[in-house]
Structures are given as C-alpha cells and as structure tokens.
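# Structural overview
Listed here are the chains, written in short residue letters.
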Amino acid sequence: MKAEQNERLTRTGPGTPGGELLRRYWQPVAMLDEFDPALDPAMGVRPVKAVRLLGQDLVLFRDAQGRFGLLDRDCPHRGADLAYGRNEGDGLRCPFHGWKFDVSGQCTETPAEPVGSTLCTRIQQRSYPLIEKSGALFAWLGPEGQTPPPFPALDCFEAPASHSFVFKGLWHCNWLQSFEVGIDPAHASYLHRFFNDASLEDSYGKQFRGASAGDVQGERWPMTKVMREFARPDIAFDAMPWGFRLTALRPMTDDLTHVRITNAVFPQTFVIPLSETMTITQMHVPVDDTHNYWYAFFTSFDAPVDKKTMRDQRLQAVTLPDYIPKAGRHNQWGFNPQEQQTRTYLGMGEDDINVHDQWACESMGAIQDRTREHLGTTDKVIMAHRRLMLQAMEALTRGEPVPGIGNPVLHEQIHGPDTVDGIAPAQDWQTWWQAAVQHKRDKAPWRNPLASQPEDKAVT
C-alpha cells in the first residue's frame, strides 16, 4: 500500500477524507454505565464527561430531567473548557463568565452582560444528535443542518435491555488496525490457540470457550479444539447491503466441516458468534488517530443476559472511569514465556482473549505502516474493506450516498446480520447454517412472543 493511501484510511480528524466518511455514521460516545454512581461516584455529584471522538473535543452531560447533551467543549464566548462547567440541573455553566447552555446547546444566560441584554438568545453552541440504544449513547457528527440516517436495525439494537449488554475498552492504536482483527477469520487458530480445552460448564460470557453447534460422532467440541486442530480455513466473502458476509470453512472429515459465519458492517463494526445463542457486535471508534475505543454489544437469543456476571468478568481487566486496560505495552501485555511454552500460543493469559487482540493491534505501533506489510490470501476481506473505504471517500466527494448503514435508502434492507459457529454436513453446509440461524431466531423470545423462556432467570 502507498503511504498516501494509508494516510487516507487512518486519519479521522475534522476535514480529513476518512473523518468526513465516518461522520456520516452513528458513533457510540459513551455507555450509560459511565453515568452510574455505583461505578463512578463522581457521577453522583456531577454527571459531566469530557469526550474525545474522531479527533474532536466534546462534553457530554446529563441534566436534572435525565436528558443528555453533547456539545463542543470550547465555550463560544472565549474558548474556555466546558468539561469543567458547573452542571446546574437545567444546563452547563462555563465558570469563566457564567454563560450557561442547555442540552440543545442554546445559551440561556450571560450574567455578566448588562441587564436586559439579549445576547444569549443569539448564541448557539454546536450540539450533536444523540440516540440511546442498548445501554449506550450514540452521536452523529455529520455536517450541521444535515439529517442523520435512520439508526440501523441490527439485532444488537433491536433486542430489549434484558437480552443485551455493552462494554468498552481503550486501545492505544489507530482504529483501522483494530477493526481489521475482527474481519480476519484466520488469526483465531493461532493468536487465540489454547493447548488444552477448558470445561464447557464455565464458558458463559467467554469467547472461544463454549462449544460449537453440532457434534463429531456425538461429542460436542469446544471452539478452542476446532480452531486448534483445523487451522487453515477456506475464507470467502459476499457483498451485502451492510458490507460483507464472511464464511470460513474448516474441513474436518469427508462428511463434516466447521462453518463460521461472521459479518463486516461497514465501516467499523463486525458481528461474530460468542456462543450458540449469543452474538457480539463490536465497533471500533476513533478517539483520535492513535487511540480507539472498542464497544462490544452482546445479544442473547435465549434467556436474559446475566449482566452482573459479564460486567464483573470484564471490569477485572480495566481501570475506571475511562475503561483503560490494565495490560499494555507498559507491562508487556502480561506476557509469560512459560505459559507460551505450555498453555497458550501467545502467552498472554487464558481468561481474556481480548488482551490477545489488543497486543496484536498495539504492537503494530500507533498507526500501522501498511507500506511494509505483505498480505496473503487469508487477508482477502481486509483488502476488500480497504478498497470499499477508499471508494466511499471518493463517492462522498462527488456528493453520492455513503455505503451500508449510513445510506437511508438501504435502511429497510439491513437487519441481523446472522452468525454461525458450528459443525455441519460437508456437502450441505449452506442449508445447515441457514436452518441453524432460523432455528435460533425462532426461539428468541424477543423476536417470537410465543417462544418459551425461563421466568426471571438469566443465562448461566
């Protein structure tokens, strides 16, 4: 790849081709958990957060009526930082001269001005549309005055709160190299290889620890065993209204093959199976060009999500309030050479494979130098996504619609998307995976009111 192409793909600040493209899509700006005083006591006193998104400095706050506002951080008076503003319940007041702004960005008071002044009626701070979905707040940073696209009706956003859970974490690198891990089906057989398989009884909420759907001669296989023993997948992809559907086949015997169906939702989201009944929809959101937050939305097609268990599992790996991983370059991501020899391929822990992906992305450097890479056939989806990114940037400059979930015309065509991780008949795997998906959907209580479900009992 040429250096100028790498620049176009990775830079996301205001006015950059990549930044202008990503601003045409809804972006998660914070989780509702970040305003929970039980997790961040400061929020019980002053629900205000400094936010950086796509290289922009913003302030997010909640008023006394529970409404959220997302504003530019520089006060329109003389540029002081509104992240230090006084949250007075009906608005955020700049401590410099007392100018106050409500959640819409309208200035409501300029107390240092002469009595009778109407200056405040003419001051409007730039504010950004917000939508609350699946435990997170999403913002649209597109051109002022332009109508945002309808919010995408993906499964993770259609499921009720009882069947969804969201978590996030900060990585110290560019968003694109992080996203590209999720659309790389081959790496799981190496980066996430475990030399031994854990009990399936302790797999809840843990990626690659559960069983694949189906069985081999009556025996259910853990995903770790499938990934380890069949490490040369046949990867294909199909263009879909949302981006790409990925198929990774791992032939096992003459009669059986392992099928893994995942999705790349353009431009920065991938959808993968966590288990037979749960999916992960993960977005990589640029903080700036050298940092990104991953937001993972877990969706259950079975019983309600055990949010406490899933939150507690993941809180062990981060520090609050900013969800910064405890592992990183500063401590070699927890690398253990003895573990690498005896227990895992990488040597960076068995409980949280997110650290494995973090190492792969952060160890490339803050912004991967793609002029030095040598791609193989397993990278075909990565190449296709990069081409689509560059094409979308060019289309935007011509005033044409952006692809996928940013295009209102495609809204009705985009749903799901479906995922599968299972052992299928080698000669009829297409029919098998489609039937497996339909069966999962038919049983989902939030999609089918007649589906049976345990009463007030979370998945365990």
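Everything here concerns the structure above.
Throughout what follows, the structure given in this document is the object of discussion. Only a predicted model underlies this, so the values are computations on that prediction, with no experimental measurement involved.

Moving on, we come to the packing of helix 1 (residues 3-10) against helix 9 (residues 380-397). Look at helix 1 against helix 9: their axes get within 10 Å of each other, and the N-to-C directions meet at 75°. When the axis of helix 1 is compared with that of helix 9, the two are roughly perpendicular. Together, Gln5, Arg8 and Leu9 of helix 1 and Arg386, Met389, Leu390, Met393 and Glu394 of helix 9 make up the contact between the two elements. Among the residues making up the contact of helix 1 with helix 9, the classes are represented as four nonpolar, one polar and three charged.

Another point: the pattern of salt bridges. Oppositely charged side chains may form a pair once their charged atoms are brought near each other. Considering all chains together, one arrives at 30 salt bridges under this definition. The salt bridge involving Arg73 is made with Asp57; its shortest N-O contact spans 3.9 Å. Of this pair, Arg73 sits in the loop between strand 4 (68-72) and strand 5 (86-87) while Asp57 sits in strand 3 (residues 56-62), and the two are 16 residues apart along the sequence. A relative accessible area of 17% means that Arg73 is categorised as buried. Asp57 sits in the partly exposed class, given a relative accessible area of 37%. Between Arg86 and Glu88 there is a salt bridge, with its nearest N and O atoms 3.2 Å apart. With relative accessibility at 31%, the residue Glu88 sits in the partly exposed group. Sharing partners across several salt bridges, the network here consists of Arg86, Glu88, Asp90, Arg93, Lys100 and Glu109.

What counts, and where the lines are drawn
- Residues numbered from 1 in each chain as written.
- Predicted model: local features only at pLDDT ≥ 70, side-chain atom pairs only at ≥ 80, totals over all residues.
- Heavy atoms only, no water.
- Axes fitted to C-alpha atoms, helices over the stretch in contact; angles between N-to-C directions.
- Helix = DSSP H or I, 4+ residues; strand = E, 2+ residues; numbered from the N terminus.
- Parallel < 35°, antiparallel > 145°, perpendicular 65-115°, else oblique.
- Contact = heavy atoms within 4.5 Å.
- Nonpolar A, V, L, I, M, F, W, Y, C, P; charged D, E, K, R; others polar.
- Salt bridge = Lys/Arg side-chain N within 4 Å of Asp/Glu carboxyl O.
- Buried < 20%, exposed > 50% of the residue type's maximum accessible area, 1.4 Å probe, protein only.

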